[in-house]
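Spelled out from the first residue to the last, the chains are:
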There are 10 protein chains.
Amino acid sequence: MLYLVRMDVAFPESMPADERDRLKAAEKEFSQALQRDGRFRHIWRVVGEYANYSVFDVASNDELHEILSGFPLFPYMTMKVTPLAKHPNAID
Amino acid sequence: MLYLVRMDVAFPESMPADERDRLKAAEKEFSQALQRDGRFRHIWRVVGEYANYSVFDVASNDELHEILSGFPLFPYMTMKVTPLAKHPNAID
Amino acid sequence: MLYLVRMDVAFPESMPADERDRLKAAEKEFSQALQRDGRFRHIWRVVGEYANYSVFDVASNDELHEILSGFPLFPYMTMKVTPLAKHPNAID
Amino acid sequence: MLYLVRMDVAFPESMPADERDRLKAAEKEFSQALQRDGRFRHIWRVVGEYANYSVFDVASNDELHEILSGFPLFPYMTMKVTPLAKHPNAID
Amino acid sequence: MLYLVRMDVAFPESMPADERDRLKAAEKEFSQALQRDGRFRHIWRVVGEYANYSVFDVASNDELHEILSGFPLFPYMTMKVTPLAKHPNAID
Amino acid sequence: MLYLVRMDVAFPESMPADERDRLKAAEKEFSQALQRDGRFRHIWRVVGEYANYSVFDVASNDELHEILSGFPLFPYMTMKVTPLAKHPNAID
Amino acid sequence: MLYLVRMDVAFPESMPADERDRLKAAEKEFSQALQRDGRFRHIWRVVGEYANYSVFDVASNDELHEILSGFPLFPYMTMKVTPLAKHPNAID
Amino acid sequence: MLYLVRMDVAFPESMPADERDRLKAAEKEFSQALQRDGRFRHIWRVVGEYANYSVFDVASNDELHEILSGFPLFPYMTMKVTPLAKHPNAID
Amino acid sequence: MLYLVRMDVAFPESMPADERDRLKAAEKEFSQALQRDGRFRHIWRVVGEYANYSVFDVASNDELHEILSGFPLFPYMTMKVTPLAKHPNAID
Amino acid sequence: MLYLVRMDVAFPESMPADERDRLKAAEKEFSQALQRDGRFRHIWRVVGEYANYSVFDVASNDELHEILSGFPLFPYMTMKVTPLAKHPNAID
């Protein structure tokens, strides 16, 4: 079951650079583990923005929220979730 | 080169049902031909809306506009194009 | 799996009154059948608007879209779907 | 008498982690007491957001405001209240 | 129990002038009856707009919706309802 | 001459609690003096928000601005002023 | 007492050209009479739009609404009224 | 003196195809004459939309409005004008 | 050549009161010098807001930007510039 | 391949003036190098705002994102990218 998620990142002004780096490294690891297990299908950078569009393939709304709220950057991201369905014109 | 496109369809009140059906059939054919040649990577229905999110893989902005404006439903769709770049956390 | 859906109804100016009545009767029947089978948990009128908030309990995004697009008034409604998850403070 | 309330939480950057934890624990207790006495009918997490949709069943606007402004997290939440009425298609 | 309601009127282009006049006369009568029985406390014109802000004093959300949807102009109005509570600084 | 004013309050994160209390007490006194002299006709709490709708009866735009900018909380409020006129359906 | 008014004009698709011309001529006459009597201080075209910003000098909200709703194009205009006060830095 | 203008085109549903074609041909001629005389510096299609961004180089606001309102498609376009100034980092 | 400018002022929370006073005094002086030399035609307070609508009469976009960015409060203001043209109904 | 980019700059309140100056100097150098190599075609100041519209000519979305995210002010700018295509009425 697919969902499109737009994520916008905004760090608080007061966060030290090394804390930021630590969080970004943890985010990368978390993100890549999810991609490898097949539940995180796509992640694309929005050109010119500290933002991405991501596609998740999960079994339920609860599973998606558990994943999204587990991202190390979750407290610093605004997320907008769009549930997707099969399109009648899709060939796959 | 990838682009995310959101398309919302709205037919004019005055369009006869058979004209609508003819356009939707032409749209399906046009859409599936593009999916088969690899330039139209994904099309997903937005749940509860007469709308879709689509992902295109083309060589240029001009090629994308030529494709999008060639859709039989183009005059009845509102499109919003987001250019995408590779994300540093993507594993593919 | 729960979803909150806001539906706003707008009939085209040109629709004859009896067509409107026929659609509303069909909508009522469709809506009540879904409520009885347990997948349509709540429907509330938004005070002062020709709109409602509805809660659905379905197995997938695809099932939800199939239900929503099957409503007789679907072509005359704007729908906004919000996927819901269990809240950590909920007691049920 | 029912009301739908959307609540979005945003803690100030300067709040220490333990103050945050204390507030969240107090919030949980307050929330669950209201759910047990029947006035707080539903609380659902919005997937991907630090937000919820809640349904209250109270006797008046004043009673609702008293409840909402009593939430320990009230100073850190944006609330949007929608009054609900019985829908003619509802079977309950 | 008080509610503030903003109402914006927009007649369809195709409505004949006499139908419009008939509706406006019925609206006036309906509106003034409600004002006389005490449930329709205030109605003010928004300067420069075919719109008003109105204050209702009713016993419930259902009663308010019944009143609002009974206005002869209801199908041609956009309404936005705000529930009001007693303000701690109010002297009345 | 009437005006509807919506006021939303937002204190800066850094303001000490006692300064906040002092300001709120001054606000109450200022507000009630204006209500007693007849120029501040109504103040209602917006349910669920740190906001109010207020109605003023003054002789001019300048008098209204002088009053509004004199509120002790003025620097911490967002105000939106709507000039009101007599409505043709009003019976008062 | 000054007010800034933004007016946007939109004629319905079905209006015949001569009716449009008749209305625009009446509008011009009405507008210029008001400018000559001193209550209509300024009218400026917004570059690239069928819209204007106008400044009125009247004695009350009611007088302003009477003027604005008397414009021959009133039914085809969207108006947004901003009440103005003397600015402390103004030298006039 | 430069201005950026975004233009969105929307033809009324009732316009016959040949009238549309005639207008588009006149638009092209008008547009190209202006480009040749140097006042219409750039015109770019917005990908996926019946819209463009254009850059004009004219001597005054009045000249710009005269040009824009002279476009054959002016009645069917929404325009948004942004005045531009020299940027301190520009090398030209 | 005229321009309408809306300016909204917002001081940062951390600015000391005397710095604020110094800036406001400098702003007043700068503003009044411009009014006296004829390029700053009008400045009006928006009732209830720390904002103004101003009208400038300058020779070019560049001159306007030079003036606006020279205001002592420029770093603390949001400005929205609307270029104005002569209105066909204006009598001046 | 062209893109229009709107950039709005907002420095955090806490940034020291010399850090700001250092960043602006680096920005100027970076910007002018790009203009000289032909990929940064235009940069215009938006009158009255700390913002610009820029036009880039690059080979791909990835190249554009690499450039934009390399700007020294990137962390302090909001960017909005619009992909452009050749317009059928353009003579160049």
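The residue numbers shown here count from 1 along each chain, following its written sequence. To label them, take the chains in the order written and letter them from A, then take the ligands in the order written and number them from 1. Only residues with pLDDT of 70 or above have their local features reported here, since the model is predicted, and side-chain atom pairs are shown and tallied only from 80 upward, although totals for entire chains, interfaces and linings are computed over all residues. The basis for every side-chain value is the complete set of non-hydrogen atoms in the structure, without hydrogens or water.

K.L.:
Explain the interface of chain E and chain C here, please?
P.N.:
Interface size is commonly expressed as the accessible surface area that is lost when the partners come together. Here a residue-residue contact requires only that any non-hydrogen atoms of the pair lie within 4.5 Å. Facing ten residues of chain E, the contacting portion of chain C comprises seven residues. Summed over both partners, the interface of chain E with chain C comes to about 640 Å²; 61% of that surface belongs to carbon and sulfur atoms. Accessible area, probed at 1.4 Å, shrinks when two parts are joined; the buried area is that loss added up over both. Of all residues in chain E, the largest losses of buried area upon contact with chain C belong to His65, Phe74 and Met79 of chain E, amounting jointly to 52% of the total for that side. For the purposes of these results, a polar contact is taken to be a pair of N or O atoms within 3.5 Å, where, inside protein, one atom must be able to donate a hydrogen and its partner to accept one; residues adjacent in sequence count only when each atom of the pair is a side-chain atom. Viewed at the interface, chain C and chain E are joined by two residue pairs in polar contact (both at pLDDT 80 or more). Put simply, the parts of the chain that give the side of chain E that touches chain C at least two residues each are α2 (61-70) and β4 (77-86) of chain E. Considering every element that reaches the side of chain E that touches chain C, the biggest residue donor is α2 of chain E, with four residues. Looking at side-chain class alone, the side of chain E that touches chain C contains six nonpolar, three polar and one charged residues. Think of it this way: any DSSP run of H or I at least four residues long counts as a helix, any run of E at least two long counts as a strand, and we number them from the N terminus. Side-chain classes follow a simple rule in which Ala, Val, Leu, Ile, Met, Phe, Trp, Tyr, Cys and Pro form the nonpolar group, Asp, Glu, Lys and Arg form the charged group, and the remainder, Gly included, forms the polar group.

K.L.:
So what exactly am I meant to see when it comes to the pattern of salt bridges here?
P.N.:
Between side chains of opposite charge, a pair can form as their charged atoms come close. When a carboxyl oxygen of Asp or Glu is within 4 Å of a side-chain nitrogen of Lys or Arg, the pair counts as a salt bridge. A complete count under the given rule lists 60 salt bridges over all chains for this structure. With a shortest N-O distance of 2.8 Å, Glu49 of chain C and Arg6 of chain C are connected by a salt bridge. With Glu49 of chain C in the loop between β2 (40-46) and β3 (51-57) and Arg6 of chain C in strand β1 (residues 2-9), this residue pair connects regions lying 43 residues apart in the sequence. Residues Glu49 of chain C and Arg6 of chain C agree in their burial class; the two are buried. Connected via shared salt-bridge partners are Arg6, Asp8 and Glu49 of chain A. Relative accessibility under 20% of the residue-type maximum defines a buried residue, over 50% an exposed one, and the middle range a partly exposed one, all with a 1.4 Å probe and only protein chains included.

K.L.:
Explain the arrangement of the chains here, please?
P.N.:
Between chain B and chain G there is no contact, and the shortest C-alpha to C-alpha separation is 14 Å. Separated in space, chain E and chain H share no contact, their closest pair of C-alpha atoms being 14 Å apart.

K.L.:
I would appreciate a short explanation of the interface of chain A and chain B in the present structure.
P.N.:
Of the residues lining the interface, 27 residues belong to chain A; the matching set on chain B comes to 27 residues. Across the chain A to chain B interface the summed buried area is about 2600 Å²; carbon plus sulfur atoms make up 64%. A per-residue breakdown of the area chain A buries against chain B is headed by Trp44, Arg45 and Asn89 of chain A, which together make up 24% of the total. Where chain A packs against chain B, one counts zero salt bridges. At the boundary of chain A and chain B, one finds 13 residue pairs in polar contact (both at pLDDT 80 or more).

K.L.:
Which parts of the structure should I look at to understand the relation of the copies chain E and chain C?
P.N.:
Two copies of one chain are present, and they are related through a rotation about an axis combined with an axial shift. When the copies are overlaid, the least-squares fit takes in C-alpha atoms only where the residue has pLDDT of at least 70 in both copies. For the pair chain E and chain C, the best superposition has an RMSD of 0.0 Å and corresponds to a rotation of 72° with a translation of 0.0 Å parallel to the axis. Both chain copies can therefore be described as sitting about a five-fold axis. Mapped onto chain C, only 10% of the interface residues of chain E again fall at the interface, so the copies present different surfaces.

K.L.:
Which parts of the structure should I look at to understand the sheet that holds β1 of chain C?
P.N.:
Strand pairs in the sheet, formed through backbone hydrogen bonds, run parallel or antiparallel to each other. Spatial ordering of the closed barrel is given by β1(C)-β3(C)-β2(C)-β4(D)-β1(D)-β3(D)-β2(D)-β4(C), a layout of eight strands whose pairing is antiparallel. Direction aside, the axes of adjacent strands within the sheet are offset by 35° on average. Seen against the sheet, helix α2 (residues 61-70) of chain A touches β1 and β4 (77-86) of chain C together with β2 (40-46) of chain D and runs at an angle of roughly 70° to β4 of chain C. We treat two strands as partners when DSSP finds at least two bridges between them. Here an axis means a line fitted to C-alpha atoms, over the contact stretch when the element is a helix, while the angle between two N-to-C directions is reported on a 0 to 180 degree scale.

K.L.:
How should a negative patch on the surface be read in this particular structure?
P.N.:
A contiguous patch of negative charge on the surface is contributed by Glu13 of chain A, Glu13 of chain D, Glu13 of chain F, Glu13 of chain I together with Glu13 of chain J. Relative to the assigned elements, Glu13 of chain I resides in the loop between β1 (2-9) and α1 (17-36). What makes Glu13 of chain I partly exposed here is its relative accessible area of 42%. Patch membership requires over 30% relative accessible area and the absence of a salt bridge. Like charges are linked within 9 Å, and nonpolar side chains (Val, Leu, Ile, Met, Phe, Trp, Tyr) within 5 Å. To measure how exposed things are, a 1.4 Å probe is used in the Shrake-Rupley method; for residues, cover is taken only from the protein chains shown. Only four residue types enter the tally: Lys and Arg on the positive side, Asp and Glu on the negative side, with His and both chain ends excluded. The atoms used to mark charge sites are NZ of Lys, CZ of Arg, CG of Asp and CD of Glu.

K.L.:
It is not clear to me how the sheet that holds β1 of chain I should be interpreted in this structure. Could you clarify?
P.N.:
The strand order around the closed barrel formed by eight strands is β1(G)-β3(G)-β2(G)-β4(I)-β1(I)-β3(I)-β2(I)-β4(G), and the pairing between neighbours is antiparallel. Each neighbouring strand pair of the sheet contributes to a mean axis angle of 35°, computed without reference to strand direction. As paired elements, strand β2 (residues 40-46) of chain I and strand β3 (residues 51-57) of chain I share five bridges and run antiparallel to each other. Note that in β3 of chain I the partner of Trp44 of chain I across the bridge is Tyr53 of chain I. Docked against the sheet, helix α2 (residues 61-70) of chain I engages β1, β3 and β4 (77-86) of chain I, running at close to 25° with respect to β1 of chain I.

K.L.:
What is the right way to read the relation of the copies chain A and chain B from this model?
P.N.:
Rotating chain A by 180° and moving it 0.0 Å along the rotation axis overlays it on chain B with an RMSD of 0.0 Å. Such a combination of rotation and displacement between the chain copies is what one expects of a two-fold axis. Of the residues that chain A buries at the interface, 100% are likewise interface residues in chain B, meaning the two copies contact each other through the same surface.

K.L.:
Hey, could you run me through helix α1 (residues 17-36) of chain B in this one?
P.N.:
Because an α-helix completes one turn every 3.6 residues, residues spaced three or four positions apart along the sequence face the same direction. Residue and element names in this part refer to chain B. How far a helix is expected to stretch is found by multiplying one less than its residue total by 1.5 Å. In this model α1 runs 29 Å from its N-terminal to its C-terminal C-alpha over 20 residues, within 8% of the 28 Å that 1.5 Å per residue would give. Taken together, the buried positions of α1 are Leu23, Glu27, Ser31, Gln32, Leu34 and Gln35. Along α1, the residues classed as buried sweep out an arc of 160° about the axis, all on the same side. The outward face of α1, more than 90 degrees from its buried face, is lined by the exposed residues Asp18, Glu29 and Arg36. As used here, the arc belongs to the directions running from the helix axis to the C-beta atoms.

The values reported here are purely geometric and, on their own, carry no functional implication.
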